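# A look at the structure
Here is how the chains run, residue by residue.
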Amino acid sequence: MSEVREAAYQLSSKNFKFICEYVYNAAGIVLGEAKREMVYRRLTRVIRERKLADFDAYCDLLRSQPEQEKTYFINAITTNLTSFYREQHHFDYLTEHEFPKLLDERRDTKRIRLWSSASSTGEEPYSLAITTHQSFSHVLNRWDVKILATDIDSNVLATADQGVYTTNRIEGLTQSIQQRYFKKGTGANASKVKVTDDIRSLVTFKQLNLLHEWPMSGPFDVIFCRNVIIYFDKATQQDLFARYYDMLAPGGLLMLGHSENLGEYQRYFENVGRTIFRKPV
Ligand SMILES: C[S@@+](CC[C@H](N)C(=O)[O-])C[C@H]1O[C@@H](n2cnc3c(N)ncnc32)[C@H](O)[C@@H]1O
């Protein structure tokens, strides 16, 4: 049955080209031929939800109501894969090296700013908040410690802001982290956990397209830019690295995803660990 329905939608080269250009202009995401199947799957869902006849009708809708449709379209097209403590070595580096250093260096200003710049459904910034809490809990009531978490996708941000996850999402975490930082649901919510209020209060979620102007003033001590620049072309990546550099405090850290690198921009940073880069003081 579903095959028959699927076959009813044809994604022509002309429409695919239009969709690729649209998403590139809206979010900087480069969709090549290899992503055609993914685009087809995700957008046929939208076409059904919108009760449209076909891809022609959907592309016309994007053309005629670009602003209204843009959010919906972007939310459908982004890849939001993430998990708690993904790439654990970044969090270990913070605990073992960076946070003890910042506790010492920031004892006068008592100000710490961290940014998860493609936060998806919140697992990354909450892992960052738990790691921060573990190192700074004894000073938190006197220090000004904040974590900004941003993403282009309004759906994932809504999930992130709630801080509610199915239990299987935290299964890999230590018992002590599970017990200290997650509250078990009861009754109908027995299969869910909620991030504790003290952790949630450290994080502020905001919608931000990395390609647009960044309204915050910074500077940040640590920026996570993980598993997002892979979707961008080289020129966009280099432009973003320059902006991350400006947003970092001297000595601040930029964390990239496992398959990402700074390319030409590497020469402006010191490589201090696996995909961990320090802006010189
Ligand atoms: C694969 S997830 C990575 C999540 C997390 N950083 C991690 O490593 O687990 C990529 C995220 O980048 C976001 N994204 C894509 N293009 C973006 C843009 N132009 N501005 C901001 N966020 C964007 C997507 O919405 C998605 O949530």
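Residues numbered from 1 in each chain as written. Predicted model: local features only at pLDDT ≥ 70, side-chain atom pairs only at ≥ 80, totals over all residues. Heavy atoms only, no water.

The name an unreviewed UniProt entry assigns to the chain is Chemotaxis protein methyltransferase, from the organism Thalassotalea euphylliae. Comment text from UniProt for the chain, heading Function (unreviewed entry), reads "Methylation of the membrane-bound methyl-accepting chemotaxis proteins (MCP) to form gamma-glutamyl methyl ester residues in MCP." (UniProt positions renumbered as here; feature names shortened; annotations may be inferred.)

The next subject is the UniProt feature "binding site: S-adenosyl-L-methionine" (unreviewed entry) in the chain. When the UniProt feature table is mapped to this numbering, "binding site: S-adenosyl-L-methionine" (unreviewed entry) covers Asn 80, Thr 82, Arg 86, Glu 124, Asp 151, Asn 209, Leu 210, Arg 226 and Asn 227. Structurally, Arg 86 can be placed in the loop between helix H5 (66-77) and helix H6 (88-105). Since its relative accessible area comes to 19%, Arg 86 is described here as buried. If we ignore the near neighbours within four places in the chain, the residues touching Arg 86 are Leu 81, Phe 91, Arg 226, Asn 227 and His 258. At a separation of 3.0 Å, a polar atom in the side chain of Arg 86 contacts the main-chain carbonyl oxygen of Leu 81. Structurally, Asn 209 is set in the loop between strand E6 (203-207) and strand E7 (220-225). When its relative accessible area of 9% is taken as the criterion, Asn 209 is described as buried. Excluding anything up to four places from it in sequence, Asn 209 contacts Ala 26, Ala 27, Ile 152 and Trp 214. (Helix = DSSP H or I, 4+ residues; strand = E, 2+ residues; numbered from the N terminus. Buried < 20%, exposed > 50% of the residue type's maximum accessible area, 1.4 Å probe, protein only. Contact = heavy atoms within 4.5 Å. Polar contact = N/O pair within 3.5 Å; in protein donor to acceptor, adjacent residues only side chain to side chain.)

Take the site of the ligand next. Taken together, 22 residues sit near the ligand, with Thr 82, Arg 86, Ala 118, Asp 151 and Asn 227 positioned nearest. In the environment of the ligand, an oxygen atom lies 2.6 Å from a nitrogen or oxygen atom belonging to the side chain of Thr 82. Between an oxygen atom of the ligand and a side-chain N or O atom of Asn 227, the distance comes to 2.7 Å. Here the ligand loses 99% of its free accessible area of 600 Å² to cover by the protein chains. Here the shell around the ligand is built from residues that sort into 10 nonpolar, 7 polar and 5 charged. (Near = heavy atom within 4 Å. Areas by Shrake-Rupley, 256 points an atom, 1.4 Å probe, with all protein chains shown as cover. Nonpolar A, V, L, I, M, F, W, Y, C, P; charged D, E, K, R; others polar.)

For the bond from Gly 218 to Pro 219, the omega torsion is -10°, close enough to zero to count as cis. Turning to its location among the elements, Pro 219 is positioned in the loop between E6 and E7. A positive phi angle, close to 55°, is found at Lys 110, a residue other than glycine. Its place among the elements puts Lys 110 in the loop between H6 and strand E1 (111-116). Even without being glycine, Ser 120 reaches a positive phi, approximately 50°.

On to the sheet that holds strand E5 (residues 192-195), then. A sheet is described by the order of its strands in space; here 3 strands give the open sequence E3-E5-E4, paired in antiparallel fashion. Each having just a single partner strand, strand E3 (164-166) and strand E4 (182-184) make up the two edges of the open sheet. Pairs of neighbouring strands in the sheet enclose a mean axial angle of 35°, with direction left out of account. Sheet analysis places E3 next to E5, joined by 3 bridges and oriented antiparallel. Note on E5: the bridge partner recorded for Val 164 is Lys 194. (Pairing = 2+ DSSP bridges. Axes fitted to C-alpha atoms, helices over the stretch in contact; angles between N-to-C directions.)

Before going further, it helps to spend a moment on the packing of helix H3 (residues 36-49) against H5. The packing of two helices is summarised by the inter-axis angle and the distance between the axes. Running from N to C, H3 and H5 point in directions that differ by 140°, and their axes come no closer than 9 Å. With respect to H5, the element H3 is oriented oblique. The handedness of the crossing between H3 and H5 is right-handed. Taking contact as the criterion, the partners of Met 38, Val 39, Arg 42, Leu 43, Val 46 and Glu 49 in H3 are, on H5, Tyr 72, Phe 73, Ala 76 and Ile 77. (Parallel < 35°, antiparallel > 145°, perpendicular 65-115°, else oblique. Left-handed = near helix turned anticlockwise from the far one by under 90°.)

This part takes up the domain arrangement of the chain. Under the domain assignment, the chain is made up of domain 1 (2-77) and domain 2 (88-278). For domain 1 and domain 2, the distance between their C-alpha centroids amounts to 31 Å. Taken together, the contacts link 9 residues of domain 1 with 10 residues of domain 2. Between domain 1 and domain 2 lies a buried interface of about 800 Å² when both sides are counted; carbon and sulfur atoms form 48% of it. Broken down by secondary-structure element, the contributors of at least two residues to the side of domain 1 that touches domain 2 are helix H2 (13-27) and H5. (Domains from an automatic or database assignment. Buried area = accessible area lost by both parts, 1.4 Å probe.)

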